[in-house]
Amino acid sequence: MPFSIEGRNKVSDPFEKKFLRILKRHLSRDFPNPKRIGCPPKQQLDKLAVAPQRVPDWVVEHLLSCSPCYLTYSRILREQKTKSAREKQITKSRGAAAG
Amino acid sequence: MPSKRESKPSPPFLLNSVDPLGRPIDPAVLSIAQEIAPQAISYAEKLLGDPAVCLNLFEEAAAAVSATVKKRELSGRDAIRDIRRYLYRTFMHRLSQERRKQLSSKTSSESLDERQGTRRGISSLEMSLLLDEVMAACDKLTQEIALRRLEGFSWQEIGTRYGISAHAARVRFSKALQRLRKALKARGIGG
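Chemist: Explain the overall build of chain A residue by residue, including any values.
Modeler: Secondary structure assignment for chain A yields 4 helices and 0 strands. Each helix (α) and strand (β) of chain A, taken in turn from the N terminus, gives the series α-α-α-α. Taking all 99 residues of chain A together, the buried fraction comes to 20%. Sequence separation of at least 24 residues holds for 64% of the intrachain contacts in chain A that already meet a minimum separation of 6.

Chemist: Please give an account of the overall build of chain B that cites residues and values.
Modeler: A count of helices and strands for chain B gives 7 helices and 0 strands. Each helix (α) and strand (β) of chain B, taken in turn from the N terminus, gives the series α-α-α-α-α-α-α. Each of the 191 residues in chain B was classed as buried or not, and the buried ones make up 27%. For chain B, long-range pairs separated by at least 24 residues make up 65% of all intrachain contacts whose partners lie at least 6 apart in sequence.

Chemist: Any chance you could break down the nonpolar core for me, citing the residues and the numbers?
Modeler: The biggest cluster of nonpolar side chains holds 52 residues, and the ones touching the most others in it are A:Leu63, B:Ala33, B:Phe58, B:Ala62, B:Leu87 and B:Phe91. For this core, the element with the most residues is helix α2 (residues 51-75) of chain B, which contributes 9 residues. Per-domain counts for this core show at least three residues from each of domain 1 (14-106) and domain 2 (118-191) of chain B. Once you skip the residues sitting within four places of it in the chain, A:Leu63 turns out to touch A:Cys69, A:Tyr70, A:Tyr73 and B:Leu147.

Chemist: Residues and numbers for unusual backbone geometry, please.
Modeler: Excluding glycine, residues mostly carry a negative phi; peptide bonds, for their part, are mostly trans. Despite not being glycine, A:Arg36 shows a phi value in the positive range, around 50 degrees. Relative to the helices and strands, A:Arg36 is located in the loop between α1 (14-29) and α2 (42-50).

Chemist: An account of the packing of α1(A) against helix α7 (residues 166-187) of chain B is requested, with residue identities and associated values reported.
Modeler: Packing of α1(A) against α7(B) leaves a shortest axis separation of 11 Å and a crossing angle of 90 degrees. The orientation of α1(A) relative to α7(B) falls into the category roughly perpendicular. Within the contact between the two elements, α1(A) uses A:Phe15, A:Glu16 and A:Phe19 and α7(B) uses B:Leu177, B:Leu180 and B:Arg181. Tallied by class, residues from the contact of α1(A) with α7(B) come to 4 nonpolar, no polar and 2 charged.

Chemist: Give a detailed account of α1(A), specifying residues and quantitative values.
Modeler: Because an α-helix packs 3.6 residues into every turn, residues spaced three or four apart end up facing the same way. All names here are of chain A. For α1, which comprises 16 residues, the first-to-last C-alpha distance of 23 Å matches the rise-based estimate of 22 Å (1.5 Å per residue) to within 8%. Taken together, the buried positions of α1 are Phe-19, Leu-23, His-26 and Leu-27. Down the axis of α1, the buried side of the element spans an arc of 90 degrees, and every buried residue falls inside it. Seen from the open side of α1, the exposed residues pointing more than 90 degrees away from its buried face are Pro-14, Lys-17 and Arg-21.

Quick notes on the rules
- Residues numbered from 1 in each chain as written.
- Chains lettered and ligands numbered in written order.
- Predicted model: local features only at pLDDT ≥ 70, side-chain atom pairs only at ≥ 80, totals over all residues.
- Helix = DSSP H or I, 4+ residues; strand = E, 2+ residues; numbered from the N terminus.
- Buried ≥ 20, exposed ≤ 12 C-beta atoms within 10 Å, placed from the backbone.
- Contact = placed C-beta atoms within 7 Å.
- Core = buried A, V, L, I, M, F, W, Y, C linked by C-beta atoms within 7 Å.
- Domains from an automatic or database assignment.
- Axes fitted to C-alpha atoms, helices over the stretch in contact; angles between N-to-C directions.
- Parallel < 35°, antiparallel > 145°, perpendicular 65-115°, else oblique.
- Nonpolar A, V, L, I, M, F, W, Y, C, P; charged D, E, K, R; others polar.
- Expected span 1.5 Å × (residues − 1).
- Arc of directions from axis to C-beta.

Following this line, the structure appears as structure tokens:
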């Protein structure tokens with residue numbers, strides 16, 4: 001299967017697009033856990049976003065079967081993405097100003 | 001004096017400790033089943049229509065999981081790590097079987113639109129089950145790659161975070177997609 005190795009953001013493969021759409025909906029809705037049984041503390045999810053190697057395997061497994069935790073982790077990742085994009089922009093504008 | 005209006009909590013789902021086939025449900029499984037019953041049964045109701053049938057199927061799933069738990073204990077195999085997830089998936093399988101049965105017994109007088117609608121329901125249910133299976137079969141790194149991909153991270157960003165190349169990250173993910181494609185083909189579900 002030919003594919004480029006460039007770090008592209010956009011999903012071009014329609015099958016991948018569909019997979020991601022259905023998986024997101026499935027993880028967000030199909031595993032309600034109102035009493036939050038077996039959920040890791042939020043710090044573990046924060047850690048998973050920053051230093052995934054330092055988080056035990058069961059946390060990731062849990063995310064795949066607990067919608068509230070998945071939604072929290074999803075929000076953490078989105079925040080991380082926004083933050084890194086902002087930092088990149090600041091570095092870029094500083095570089096342009098210096099040059 | 002105006003009387004204060006009493007608010008009654010909604011009644012909990014009362015599951016039997018024995019399923020409709022007479023098989024016992026383990027107390028540990030039963031307590032987890034009670035937890036997930038409201039959501040699982042309301043989801044099933046949308047597909048099957050009859051809440052009583054859904055409840056029976058749920059109890060059957062709980063009894064099947066209890067039997068598996070016991071079997072594993074006796075044979076000294078590793079215990080099921082996440083009973084909640086295991087039970088949910090078992091119920092979904094059972095639901096899918098029942099839905100297929102219902103579909104095959106539908107009369108030919110049913111309109112084409114209705115038939116297409118129910119087929120779509122089954123496909124999405126089976127797709128969810130397959131996704132669970134495929135994701136569970138992946139290693140931790142691939143699972144994390146998928147979770148980041150869901151949020152729109154690029155291969156470069158993912159690779160940097162896990163200390164691998166963008167290409168390696170993409171290959172891992174593509175292999176999981178390939179497995180899903182094969183599973184869909186084998187079950188005759190449109191990918």
